[in-house]
Amino acid sequence: MAGICRLVKEIFGNNITRDTREKVDPKDYTIENLKGETAGRLPGTVNGQQFIIQNCEDCNIYIFDNSATIQIDDCTNCRIFLGPISGSVFIRDCESCKFIVACQQFRTRSCRKLDVYLHCTTQPIIESTTGVKIGCYQYYYPELEDQFKKAEISIFNNNWSSFHDFTPVPGESNYSLIPEDTKVEDVVPLPSTEQFSSIQVSMENSRSVVPRTLGSRRKMADESCLVVFFKDDESDTRVRKFLDELSQTHLGCTLVQTKEISMQPAEAQRVFGTEAYCNAVLQGPVIGFEYNGEDCIRKCQEGILSVFKGAAGLVFITQHPEQAQEHIENFYNYVDMQMSM
């Protein structure tokens, strides 16, 4: 035996270590067989693991952490919040449930009557599912933005309203939009039990980590505007200030869609029609916004001036209404092409 050990040591040297990874108990990542209860997990207790929710009835369930995937089966009349999911959420055989979800992939099968406030970086899919109502994700608690980063989900790449139905019914639609004036807390209530008393939750639009967008709703004005921020040390701060400025001081200026994407110089020249931004795109991903509203180009320009106030930085913004549609199509067609690859 000693001879074998010496031989192993000669081959592998002293770099032999035991597997010290912590054993995962599936029970720690499962919520099941509950009725009329409030349950969930606190920040830092899931840490990117897979999670299962099944066979629950009339429950409030909150997963205040990021996870790898979440599977939800056979739940009825439940209200469920799910922190950022780096992979997929798959909801099967559920009825009369309400969700707030952020994920890379969203899919349902054999479900009825679901209300979903959604952030999804790919096209959401429903199959053999009816009565789905969807809205744009709105949620905040202090740890949430960092959890989005851990899950590698951009808060700006949200395809919440671009559903694909694998099993459409001719002449009918299996999904519709939640009315804009619906309060999110009326769909999935704030947690009220002692277990979650330390979580500082807000569902106010102004505090949401994910910007609320119009999605596929009808635009209310003829004028639109494209605004694109280029990466530097202060760009993330300026983006948030700009969003706040537009939402607080220009109420008639509606955010239609947002995207974060990496670009190469040649692509930037094609999209923006100039070489002025070719070097800027090499610094990191760009963040683009489409706004719509009466006189929205002037309002966006005023917002940019307010945010920059003489500070250095680069931003692209539509200058004239007749250019807007071409700018928006060039940018978002490029984004769609890149994200489908």
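First, a word on what this report is: a plain description of the structure on this page. Keep in mind that this is a model prediction, so the values were computed, not measured.

## Concerning empty space enclosed by the protein
Thought 1: The full count for this structure, using the stated rule, is one cavity of 30 Å³ or more.
Thought 2: Size it by volume and the largest cavity reaches roughly 30 Å³.
Thought 3: Together, Phe229, Phe230, Lys231, Ser235, Asp236, Val239, Pro285 and Ile287 line the largest cavity.
Thought 4: Among the elements that make up the lining of the largest cavity, the one with the highest residue count is helix α4 (residues 235-249) (three residues).
Thought 5: Looking at side-chain class alone, the lining of the largest cavity contains five nonpolar, one polar and two charged residues.

## Structural notes on the pairing of strand β10 (residues 130-136)
Thought 1: Pairing analysis gives six bridges linking strand β8 (residues 112-120) to β10, with the strands arranged parallel. By the bridge assignment for β10, Arg112 is matched with Thr130.
Thought 2: Here β10 pairs with strand β12 (residues 175-177) via three bridges, running parallel. Along β12, the bridge assignment pairs Ile134 with Leu177.

## Looking at the nonpolar core
Thought 1: Ranked by size, the top nonpolar core spans 45 residues in total, and within it Tyr139, Phe242 and Phe289 carry the most contacts.
Thought 2: Going through the elements one at a time, β7 (95-109), α2 (144-150), α3 (184-187), β13 (224-229), α4, β15 (286-292), α6 (296-308) and β16 (315-317) are the ones with two or more residues in this core.
Thought 3: With residues near it in sequence (within four places) discarded, Tyr139 still touches Tyr62, Phe64, Phe81, Ile100, Leu144, Pro191, Val201, Ser202, Met203, Arg207, Ser208 and Val209.
Thought 4: Within the second largest apolar cluster, 37 residues are counted, among which are Ile70, Cys75, Cys136 and Phe163.

## What about the packing of aromatic side chains?
Thought 1: In this structure the tally under the stated criterion is 24 aromatic pairs.
Thought 2: A ring pair is formed by Phe272 and Tyr277, whose centres lie 5.3 Å apart and whose planes are at 55°; its orientation type is tilted. The exposure classification of Phe272 matches that of Tyr277, with both residues buried.
Thought 3: One aromatic cluster is present, built from ring pairs that chain together Tyr62, Phe64, Phe81, Tyr139, Tyr141 and Phe196.
Thought 4: Note that Arg92 overlies the ring of Phe90, its terminal NZ or CZ placed 5.4 Å from the centroid.

## Let's talk about the pattern of salt bridges
Thought 1: Tallying each qualifying case throughout the model produces 10 salt bridges.
Thought 2: Residues Arg112 and Glu95 are paired through a salt bridge, measuring 2.5 Å at the closest nitrogen-oxygen approach. Of this pair, Arg112 sits in strand β8 while Glu95 sits in strand β7, and the two are 17 residues apart along the sequence.
Thought 3: In this structure, Glu290 and Lys219 form a salt bridge, with 2.6 Å as the shortest nitrogen-oxygen distance. Of the two residues, Glu290 is situated in strand β15 and Lys219 in the loop between α3 and β13; the sequence distance between them amounts to 71 residues.
Thought 4: By relative accessible area, which is 1% here, Glu290 ends up buried.
Thought 5: Overlapping salt bridges bring together Asp295, Arg298 and Glu302 as one network.

## Section: α6
Thought 1: Taking 1.5 Å per residue, 13 residues should reach 18 Å; α6 reaches 18 Å between its end C-alpha atoms and fits that length.
Thought 2: Taken together, the buried positions of α6 are Cys296, Ile297, Lys299, Cys300, Gly303, Ile304, Val307 and Phe308. Burial along α6 is one-sided: seen end-on, the buried residues are contained in an arc of 165°.
Thought 3: In the core, the buried residues of α6 are packed alongside β13, α4, β15, β16 and α7 (321-339).

What counts as what
- Residues numbered from 1 in each chain as written.
- Predicted model: local features only at pLDDT ≥ 70, side-chain atom pairs only at ≥ 80, totals over all residues.
- Heavy atoms only, no water.
- 1 Å grid on protein atoms, 1.4 Å probe; cavity = no way out; pocket = protein on both sides within 12 Å on 5 of 7 lines; lining within 4 Å.
- Points joined across faces, edges and corners; volume = space filled by probe spheres on them.
- Helix = DSSP H or I, 4+ residues; strand = E, 2+ residues; numbered from the N terminus.
- Nonpolar A, V, L, I, M, F, W, Y, C, P; charged D, E, K, R; others polar.
- Pairing = 2+ DSSP bridges.
- Core = buried A, V, L, I, M, F, W, Y, C linked by side-chain atoms within 4.5 Å.
- Buried < 20%, exposed > 50% of the residue type's maximum accessible area, 1.4 Å probe, protein only.
- Contact = heavy atoms within 4.5 Å.
- Phe/Tyr/Trp six-rings, centres within 6.5 Å; stacked < 30°, edge-to-face > 60°.
- Lys NZ or Arg CZ within 6 Å of the ring centre and 35° of its normal.
- Salt bridge = Lys/Arg side-chain N within 4 Å of Asp/Glu carboxyl O.
- Expected span 1.5 Å × (residues − 1).
- Arc of directions from axis to C-beta.

These values are about where atoms sit, not about what they do.
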